[in-house]
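# Structure at a glance
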Amino acid sequence: MRNALLLLLASTLSACGSERGPQSDEPPAAQQVDSLYINGRIWTGSNTTGDASVMAVTDGHISYVGPASSSKFVSAETIDLQGRFVMPGFIDNHVHFLEGGAALASVDLRGADSPEVFSQRIIDYATTLPAGRWVLNGNWDHELWGGELPRRQWIDQETTDTPVFVIRLDGHMALANSAALKAAGITAATVAPSGGEIVRDESGTPTGILKGNALNLVFSAIPTPSEGEVLEVFELAQSHALSLGLVQVHAVTANETETKMLEAFRLAEDRGVMKIRAFVSTPIEYWEDTRNVVREDGNGTDLLRWGGVKGFVDGSLGATTAWFYEPYLDAPGTSGGPLTDPVKLTDMLRRADSAGLQIAIHAIGDRAIDDVIADMRDMAGDEIANKRYRIEHFQHPSQSAIQLAAEYGIVASMQPYHAIDDGRWAEGRIGPDRIKTTYAFRTILDAGVNLTFGSDWPVAPLSPLDGVYAAVTRRTTDGSKPGGWQPAERISVEEALIAYTATNAYANFEEDVAGTLEVGKKADFVVLAEDPRLVDPTTIPQIDVVATVIDGEVVYRGD
C-alpha cells in the first residue's frame with residue numbers, strides 16, 4: 001500500500017512528512033499509524049459525529065477520525081486530501097456479479113431503441129464469435145421502441161450457427177433464436193414449467209420469447225464456462241465495481257445456473273485475484289447445500305462471506321409477471337403470479353431459517369410482498385425483529401405492508417435506479433392508485449423501515465452515484481419528468497448515502513465493523529472529487545471516484 005497510496009490522487013494529492021494531527025480521547029504523545037489523511041471533508045456516516053478533517057489508519061482499521069489537533073502522529077505516510085470528500089465505501093445490496101461481468105464481455109443492448117438496432121447489434125456481435133459460441137446477456141428493453149416484443153425471426157437468418165439467448169434488463173424475460181431453442185429442446189410441443197411462459201404465435205410455434213421459469217429451460221443448455229472464463233468474468237466485474245467506489249457487494253442469484261456462484265467467488269479468492277468484499281446468497285432451493293457448506297467451513301473469511309439464501313415469490317413489472325391483487329391495466333388478462341409454488345416456498349423458508357441461514361426473498365407486486373411478510377411473521381413470531389429478514393426490491397408494497405415492514409424490522413432491499421427507469425411507463429401498467437407506494441423511498445424511511453440501496457446490476461447500472469442521483473431527483477431516464485416522478489418520494493443525499501453504507505452493513509449484521517468511519521472499524525472508504533451533498537443533485541453521477549480503499553489498501557486509483 002505504501003507506494004501505491006502516495007500515488008493516490010496522482011498530481012493532485014501530495015505526500016507530506018509526519019504532521020501534528022488529531023488526537024482521540026487519550027492519545028499517546030506520538031501515536032504510530034500507517035497512514036494519515038489530512039485536510040479532507042470526511043463524512044463518517046455516523047449519526048453521533050459531524051464531518052471530520054483528519055483520519056488515521058492502522059493495521060487496516062481506522063485508528064482516529066476527527067478534527068485536527070495538537071497531538072503528534074508518527075506516520076509512514078501522510079496524504080493531503082486537499083479538501084476532497086471521503087466517505088465509507090459503498091455497499092451494493094443486490095448485484096448479479098458474475099452476470100454483470102459476463103455482460104461487460106458480451107453484446108450491449110441496453111440502449112437499443114428500435115427493432116433494427118436491437119437486431120443489428122446481435123448480428124454484428126455474433127460475427128465476432130466462433131461457430132457454436134453463444135451470444136448471452138444483452139439487457140434489452142422493448143419499451144424503448146414502443147413495447148413490441150422481439151421475435152426470433154428478427155435474427156434467425158444471420159445467426160443459424162450461433163445460439164442467441166439475450167435477456168431483458170429485468171432478468172425475467174429473454175429472447176432465444178432458433179439455434180438456442182433447438183439446443184434447449186424447446187418445440188411447439190414443449191410445456192412451460194410452473195411459473196414460466198413460452199410465448200407462441202397464432203400457430204402455437206414459440207416466438208423465441210420466454211418468461212419467468214421458462215428461462216431455466218435454456219439456462220440448463222448453456223455450456224459450463226471454463227475456470228479461466230470464470231476468473232476473467234469475475235475480474236471484469238470487480239474492476240468495474242472498484243472503479244465506482246464499491247467496497248462490498250451482496251451477490252445474489254437470478255437463475256438456477258448460478259448455483260455455482262459461490263464456487264466462483266471461492267475460486268477467485270483462492271487464486272488471489274479477489275479484492276472486493278462479498279456476501280454471497282445462493283438459491284433457496286439448495287438451502288441444504290448452503291447449510292452443509294456453513295457446517296463444514298463456517299461462514300467464510302474476512303473478505304468473502306456466505307450463509308444467505310435467496311428465493312423468488314414473483315417476477316417483474318416489466319415482464320408483467322410481478323404478482324398483484326388486481327390485473328395489469330395494459331394486460332387485463334393477468335395480474336402476474338407466483339414464480340415459486342407458495343406452499344413449497346413457505347416450506348423452504350422455514351427450513352432455511354431453522355438452519356440459521358440469512359433470508360432474502362424477491363417480492364415486487366403488492367400480493368407477493370404481503371405473502372412473504374405473512375410467511376416471515378408466521379415462522380419467526382416474536383423474534384422477527386432480530387432476524388433482519390430482507391425483501392428484495394420491495395417495489396410496489398401497500399401502505400399496510402410498509403407499516404408491517406417497520407414493525408417487524410424487515411429490510412427493504414431496494415434499487416433506486418429502477419424508479420427512474422420504470423417511471424417512464426409504470427403508471428400505465430398499474431394505474432394511479434398502486435403507483436402511490438411505488439418506490440416510495442420517503443414514505444418507507446418516514447415509517448421507520450430499514451431501507452438499503454443497491455443496483456441489481458446488470459439489470460441497472462452498477463454506479464452507486466447513479467443510484468443516489470435517482471433517489472434524490474427521481475428524474476426519469478427519458479427526461480420527461482425533470483421535476484421528479486412522484487417527487488414527494490425524493491429523499492436527501494445523506495439519506496441515500498446512509499442507505500448505501502451504514503444500513504447495508506446493518507442488514508448484513510456488520511454494523512460493528514463496517515458501514516461508517518469510526519475508530520476500530522475497517523478502513524474501507526472511498527475518496528470522491530466532490531461532496532455529493534453540496535453539488536447540484538443533477539450532477540451527482542458526474543462526480544469522479546478518486547480512490548477506493550479496502551483494509552487501508554488502495555485497490556483503485558482514478559486517472
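Presented here is an overview of the structure given in this document. Since the structure is predicted, the reported quantities are computational estimates derived from the model, not experimental observations.

This brings us to the overall build of the protein. The secondary structure content of the protein amounts to 18 helices and 24 strands. In terms of C-alpha radius of gyration, the protein reaches 24 Å, essentially the compact-globule figure of 24 Å for 559 residues. The principal-axis extent of the C-alpha atoms belonging to the protein is close to 85 × 55 × 55 Å. Residues classed as buried in the protein amount to 58% of the 559 residues present. Relative to all contacts within the protein whose residues are 6 or more apart in sequence, the contacts with residues 24 or more apart total 73%. Put simply, the protein shows about 21,200 Å² of open surface, and 48% of that area lies on carbon and sulfur atoms. One way to put it: in the protein the 44 positive side-chain charges average out to a point 1 Å from where the 77 negative ones average out.

Judged by nonpolar contacts, the single largest core of 109 residues is most densely connected at Phe97, Phe265, Met376 and Phe453. In this view, Met376 contacts Ile359, Ile361, Gly381, Ile384, Tyr389, Arg390, Ile391 and Ile410; residues no more than four positions away in its chain are not counted.

Attention now goes to the pairing of strand β19 (residues 390-393). Strand direction decides the pairing type here: strand β18 (residues 358-363) and β19, joined by 4 bridges, are parallel. By the bridge assignment, His362 is partnered in β19 with Glu392. By the bridge criterion, 3 bridges tie β19 to strand β20 (residues 411-414) in an arrangement that is parallel. Within the sheet, the bridge partner assigned to Glu392 lies in β20 and is Ser413. Once the chain exits β19 it traverses helix α12 (residues 399-408) before rejoining the sheet at β20, and the crossover so formed is right-handed.

Turning our eyes to something else, we now look at the environment of Pro206. Structurally, Pro206 is set in strand β14 (residues 206-212). A relative accessible area of 5% places Pro206 in the buried class. When near neighbours in sequence (up to four residues on either side) are disregarded, Pro206 contacts Arg152, Leu181, Ile186, Thr187, Ala188, Ile198, Val199 and Arg200.

Let us now look at the side chain of Asn93. Position of Asn93 among the secondary structure elements: in strand β9 (residues 90-95). Residue class for Asn93 comes out buried when judged on its relative accessible area of 0%. There is a polar contact of 3.2 Å between the side chain of Asn93 and the backbone nitrogen of Gly454.

All right, on to the side chain of Arg168 then. Position of Arg168 relative to the elements: it lies in strand β11 (residues 164-168). For Arg168, the side chain forms a polar contact with the side chain of Asp141, separated by 3.1 Å. Setting aside its immediate chain neighbours within four residues, Arg168 contacts Asn139, Trp140, Asp141, His142, Glu143, Met173, Ala174, Gly318 and Trp425.

Time to look at helix α3 (residues 115-126). A rise of 1.5 Å per residue sets the reference length of α3, with its 12 residues, at 16 Å; its end C-alpha atoms lie 17 Å apart and thus fit the reference within 8%. Among the residues making up α3, those that are buried are Pro115, Phe118, Ser119, Ile122, Ile123 and Ala126. The buried residues of α3 occupy an angular sector of 120° when the element is viewed end-on, so they sit on one face. Lining the buried residues of α3 we find β10 (135-140), β11 and β12 (173-176).

Rules used throughout
- Residues numbered from 1 in each chain as written.
- Predicted model: local features only at pLDDT ≥ 70, side-chain atom pairs only at ≥ 80, totals over all residues.
- Heavy atoms only, no water.
- Helix = DSSP H or I, 4+ residues; strand = E, 2+ residues; numbered from the N terminus.
- Rg over C-alpha atoms; globule rule 2.2 N^0.38 Å.
- Buried < 20%, exposed > 50% of the residue type's maximum accessible area, 1.4 Å probe, protein only.
- Contact = heavy atoms within 4.5 Å.
- Areas by Shrake-Rupley, 256 points an atom, 1.4 Å probe, with all protein chains shown as cover.
- Lys, Arg positive; Asp, Glu negative; His and termini not counted.
- Charge placed at Lys NZ, Arg CZ, Asp CG, Glu CD.
- Core = buried A, V, L, I, M, F, W, Y, C linked by side-chain atoms within 4.5 Å.
- Pairing = 2+ DSSP bridges.
- Right-handed = clockwise from strand over helix to strand, strands pointing away.
- Polar contact = N/O pair within 3.5 Å; in protein donor to acceptor, adjacent residues only side chain to side chain.
- Expected span 1.5 Å × (residues − 1).
- Arc of directions from axis to C-beta.

These figures capture arrangement, not role.
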